[in-house]
Amino acid sequence: MAVETIAPDWEFDRFDDGSQKIHTEVQLKNYSKFLEDYTSQLRGIEEALDDSIGDVWDFTLDPIALKLLPYEQSSLLELIKTDNKVLNKVITVYAALCSEVKKLKYEAETKFYNGLLYYGEGVSDTSVVEGESQIQMGRFISFLQELSCFVTRCYEVVVNIVHQLAALYNSNKGATKIIESSGVHFQVGLRFLKQILHLCISISKYLYHVCLIFPLQTVYEHLGELLVVLLTLDEIMENHGTLKDHWKMYKRLLKSVHHNPGKFSIPEEKLKPFEKLLLKLEGQMLDGMILQACVEQRFDDPGEGVSVAKNSAFAEEFAFNIRTIFTNIESKIGEPSEIDQRDKYAGVCGLFVLHFHIFRSVDKKFYKALLDVCKKVPAVTLTANIIWFPDTFLIAKVPAAAKLMDKKSLQAIRAQRDAYLQQRAVTLTKDVQSYYVFVTSWMMKMESIISKEHKSDKLAEDLNSRCNVFVQGILYAYSIGTIIKTTMNMYMSMQRPMTKTSVKALCRLVELLKAVEHTFHRRSMVVADSVSHITQQLQSQALNSIGNAKKRVISDKKYSEQRLDVLSSLVMAENALSGPSTKERRLVVSLALCVGTQLKTFKDEELLPLQLVLKKLDLISELSERVKLQCDCSFLYWHRAVFPIYLDDVYDKAVDAARIHQYMFSALRDSVPSMLHAKHMESCDQLLESYDKEIMDVFNEHLLDKLCKEIEKDLRLSVHTHLKLDDRNPFKVGMKDMAHFFSLKPIRFFNRFILIKAYVTHYLDKTFYNLTTVALHDWATYSEMRNLATQRYGLTMTEAYLPSQTLEQHLNTINIRHIANSIRTHGTGIMNTTVNFTYQFLRKKFYIFSQFMYDEHIKSRLIKDIRFFRETKDQSDQKYPFERAEKFNRGIRKLGITPDGQSYLDQFRQLISQIGNAMGYVRMIRSGGLHCCSSAIRFVPDLEDIVNFEELVKEEGLSEETQKAASVLDSVLGDLTSNSAEGTEYFKMLVAVFAPEFRSAKNMHLRNFYMIVPPLTVNFVEHSISCKEKLNKKNKTGAAFTDDGFAMGVAYILKLLDQYLEFDSLHWFQAVRDKYKKEMNAVVKEQNVQSASQDEKLLQTMNLTQKRLDVYLQEFELLHFSLSSARIFFRADKTAAEEIQERKDKEVASKAGALSDGSTPADPASK
C-alpha cells in the first residue's frame, strides 16, 4: 500500500535528465551492431555451403590454388603425324629445338637469374666479419659451375639450331649431309634428331626446294629468346659489383692457400685443377663475354658437312626473317596492345648481332631502324632490376655498323634517355589517373560480365566478350608493369634522384597492378570455368579457318610437291588443334602454319583474323601464368627504399588505409619465391629473415609507432581539454581519422599476421599500466583514456587491476608495508633486482673506502697508533686512550677541509653511514618480503599441517586439468610457507660476496680499519649532537634526531674484515665511559668546593659542563647499543674461522645422515 501512495508523487516530482534515454539508445545501437555482425557471419556460411560459384578465398592465405595450365601427355612424335614423312621429321626437329629453348629459358629465369641477383644480399655492411665474403663465394662456386654447364649447353643448342637451318637452306645441292646432331645437349630434341640422320642426298633437293618457300619465323623467334637469356646473364654480371669484389678476394685467398697448402689441410694436387676451373669460370662468365663467345663460335665445321658462313641462301633467309619479325613488333611497341614486343625486340637485336658475326655483312638501313626504336623505347628491363640499353649494345657488338652512323644521331639517341625520364616525371601523375580509370572500369566489366549467366542463344558472343576482357586485363597489367619497371630501373641505373611525387605515383601504379591480379584471383573459380570454354571456341574458329583453306587446296586439281606439303601441314595443324591447348600443340600449329600459309592458301582477309585468334589462344591458354608474370612485383626488392615514403603517404592519407593490406604487402611478398634460389648463404632462410626484419622495422617506424604515438597524444589531449594545451579546432589544424587503420584485416607477411588494432591496443595497455604504477594517483585519468579509446577507436583495452594507493605513498618515507605493497603489485622479482642494485652500489663505495685506507697520511697514523697501543696497553689497563682518538680526529682536519667545512674523516664517516644505510635497506626489503608472504598465507588455517590438494583430487578422480591446477596450488603453498618461515638471508650473501676480497693479501691496508673506529666514533658523536641541536633552531638544514647507518656500516665492515676481536681488544667504549665518569666526578667535586663561595657564574658554568658531559656520554652509550645490536645481524659471536668450521661440521653431519638413511634397508645382495 505504501508503494502505491508514494509512486504518484514520485512520478510527479521525478527529474528526467535524459540519461535513461541515452543509455537505452546505446544498448539498442550495440544490439543492432551485434545483429549485423551475426547476419553477415550467417550469410558467409550460407555462401560457403552454396552450390553456386562465388568469391574465392583470401588472396593472402590461398590454402588451395587452381592451376589452369594444361599439360601435354603425348610426345611430339605422336602429335606430328601426317602421311608426309619428310615434313613430319623436319617439323619434329624444330619443335624439339624450340621446346628445348623454352626449357632453357625457364631454367634461367627461375634458377640462374635469381641465384646471381641475390648474391651478397641479406648481410648488412655493419655485421660483416672478416672472411665472410670468401665463405659466401666458396658456397657459390658450385652454383657458378652449374651456370657454366648451362651456358655451354645454350651454346650447343644455338649451334644446333643454326646448323639445322643452314642444312635446310643449303644452296649446295650436291651436299651429302644436311643435318648434324652429334654433341647436341638437350633433353627432348636429341632423340628426334637421331631419327632423321638417315635423311641424306635422296631428299636434300626436296628439302632445299621446300624450305626456300616458307620462312621458319617461329624458330628464329625462339633462337632470339635464347640469345636474350645469354644477354641477360651478361648484364647481371656486368652490374654485379659485389660478386666481382668477392671473386677477387676469393682468388687472393686461394693464392695464400697455394703458398701454404698444408696449413689449410688441402692436397696440393687438388689445388691446381681447382685454380684452372676458377680461371675457366672467370673467362667464361665474369668478363661479360657470355653472348660474345656464343656468336663468335665456329659455326662452319667441314667435318660435319654443313656450310654456314658461305651459305648465301641461308644468309638471305636469316636476314629476311629478322626483318619480318622486326616489322611485326615495331608498330606495336609503345601501343596499348603491346604484350611482349619489347622482349622480342631484344631478341631481334641478338639475332642481328649473330647474323653479323656469322656472315660479316651489315644492313645499314636496318641497323638504323633498330636504333630508331631507342627513341621510343630507350631501355628494356630484362629481369628484376637489370635494365638494358639497346643503343649501347648495338654500338658495342656491331662496331662496323656504328662507324657508318652519324655521331650526332648516336648522341641524340643517348640524350633521349634523359628526355624520357624528364617526360616520365611530368606525365607520371597523369598516367596514374588514366590507368586508375582504366583499371577500375575494367574491374567493373570483369565483375558484370562474370556475374551474368550464360544465355544459350548468345553463348558465342558472351564467350568472346569474356575473352576480350581477360586479354584487356593482361594488356593493362603489362603496360603498368612496364612503366614501373622502366622508370624505377632507369632512375637507379642512371643514378638520378626521384621526387617524392614520382615515388608516390609509382606506388599507386604498383597497387593498380596488384588490383588486376587480385581481381583475377577473386573470381578465379569463374575464370577457370570460362577459360576451357573460350579455348574451345578459339580452337573452333581456327579450325574453321584452316578447314576453308584446306578445301581450297584440295579443290585445286593441279598436283605438285609444294601443294602436298601445304596440305600436309594444314592437316598437321588441324590434328594439333583437335585437343587440349597445350604449349606443345600450339608450337606444332605455329610451325605447321609456316608451311601451310604458302601458295596463298589463305586470303588476306582470313590470315590476319587467324593470327589474332592464335595469339588470343596463346594468352587464354596460359592466362593464370601470364597474369602472375605480368603482375609480378619481385623487382620491388631492389627498390624497397620507396617503402618508407609509401608508408608516410598512407599515414598522412588515413582514409585509404585499406590499400596497404590488399596490395602493397602482396607486392612485397612477390620476391619471396625468387629468394629461395639464393645460394651464397647456409640457408635461404637467413635471407628471408633479413628481408622480413628490414620490412617490419620500416613498417614499425613509419606507421605503427607513429600511429601509437598519435593515438596516445589524441587521448591525452581529449582527456585534458580543460587545460587548453593545444588548438584542436579541426577547421584550423585539420583532422585525420585514424580509426580507418583499425578496421583493416590482419596483414599477412611471411609467417606472421600484423593486426594494427591489436598492436596499438597492446602499446596503450603497456604505457597506461607502466605510468599508473609510477603515479598511482593518476589511475582515474588513465581509466578515462581507456574508455575514450574504446568509444572513439573501438579498441578493447585491458584493465590495469593495480591495488589502490595509500596516503603514505606520497610522503618522503618508506616502511615495510610500502615494500610489501610494492612486491604485491610488481611481483617478488623486484627483491632480487633491489639487492643486485645494492651490490653494485656497495662495490662503488668500497672502492672509495679502499682508496681512503690506502692513503699514506691515514695509513701511517693508523700504524703508529697500533704500535703505540701494543706498547702501552699494559699501562693503560688494556684500553685505548680517549685522548689518542680525539687527537686523531683533530689532526685529520690539518690535512684539509671541504668548502662546507668537512674534514676527510667527516667524509669517511658519511661513506660508512651510506654503506650501513644500504644494508638497512636490504634488511627492510627482506622484512617486506616476509610481510608480503605472511599476508598472502594468512588464509591457510595451519601452517604446520597443510593438506595435499593433488592427492585429494586424484582420490576424487577429477580431470587431468584439475590435477595440474591442484599441483600448482600445492607448489605455491609450499613456496609461501617456506618463504614466510625463512626468507632469504641477504646479509649472509652480501658478507660472503665481499669478505674474500677484503681478507685477501692484496688488501692488507684494510686490516688497520679497527684502529680508525675510535676516532670515527668521536667524530660521529660530535656530528650527532650538532644535528640534534639544529632541531631547536630556525634553520633546520642538516637537522636529524637519529642515524643508525653509521653503526650498521661499522658492524658490516668489521665483519667483512673479521676484526670483531681486534676491535673488542681496544675496550674502547669502556675507556670512553671511564674518561667521562672521571671528568664528571671532577666537576662534582669542584661544585662542592665552589658552592661555599656562592659564585653563581662559576656554578652556572659547571652545570653547563656537567650537562655537556652527560650528553656526550649518553650519545656514546647510544652508539654502543646501536653497534652491539647491528653486530647481532652479522653473528658477531663467531669469527670467520669458527664459521667455516661450523659449516664443515654441518656438511659432515648431513653426509653421515644420508649414509645412515641409505643403509637402513637390508641389502638384497647380502642375503
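In case you missed it, the structure is sitting above this.
Rules behind the numbers
Residues numbered from 1 in each chain as written. Predicted model: local features only at pLDDT ≥ 70, side-chain atom pairs only at ≥ 80, totals over all residues. Heavy atoms only, no water. Helix = DSSP H or I, 4+ residues; strand = E, 2+ residues; numbered from the N terminus. Buried < 20%, exposed > 50% of the residue type's maximum accessible area, 1.4 Å probe, protein only. Axes fitted to C-alpha atoms, helices over the stretch in contact; angles between N-to-C directions. Parallel < 35°, antiparallel > 145°, perpendicular 65-115°, else oblique. Left-handed = near helix turned anticlockwise from the far one by under 90°. Contact = heavy atoms within 4.5 Å. Salt bridge = Lys/Arg side-chain N within 4 Å of Asp/Glu carboxyl O. Core = buried A, V, L, I, M, F, W, Y, C linked by side-chain atoms within 4.5 Å.

A. The arrangement of unusual backbone geometry in detail. Even without a glycine there, the phi angle at R360 is positive, about 55°. Inspection of the secondary structure assignment puts R360 in the loop between helix 13 (341-359) and helix 14 (364-376). Look at R360 and you get exposed, because its relative accessible area is 56%. Here D877, not a glycine, exhibits a phi torsion of approximately 60°, which is positive.

B. Focus on the packing of helix 20 (residues 524-555) against helix 23 (residues 604-621). Put simply, helix 20 and helix 23 touch, their axes get as near as 10 Å, and they point 150° apart. When the axes of helix 20 and helix 23 are compared, the pair comes out roughly antiparallel. Helix-helix and strand crossings are classified by hand; for helix 20 and helix 23 the assignment is left-handed. Taken together, the residues of helix 23 that come into contact with helix 20 (itself represented by V531, I534, T535, L538, Q539, Q541, A542, S545 and R552) are E606, L610, V613, L614, K616, L617, I620 and S621.

C. Representation of the pattern of salt bridges within the structure. Counted under the stated rule, the structure contains 54 salt bridges. Its salt-bridge partner being D692, residue R752 comes within 2.5 Å of it at the nearest N-O pair. With R752 in strand 4 (residues 752-754) and D692 in helix 28 (residues 684-719), this residue pair connects regions lying 60 residues apart in the sequence. Exposure remark for R752: the relative accessible area of 32% places this residue in the partly exposed category. R890 is the salt-bridge partner of E886, the closest N and O atoms lying 3.2 Å from each other. Pair noted here: E886 and R890 are both in helix 35 (residues 882-892), with a separation of 4 residues, about one helical turn. For R890, a relative accessible area of 55% translates into the label exposed.

D. Quick look at the side chain of S569. Relative to the assigned elements, S569 resides in helix 21 (residues 561-577). Discounting residues that sit within four places of it in the chain, S569 has contacts with L87, A592, V595 and G596.

E. Up close: the nonpolar core. Core analysis: the biggest nonpolar cluster contains 233 residues, and Y345, F699 and I756 have the highest contact counts within it. Residues contacting F699, with those up to four places away along its chain left out, are F643, L647, I660, F665, L704, I747, I754 and I756. Within the second largest apolar cluster, 76 residues are counted, among which are I823, Y1010, A1047 and W1068.

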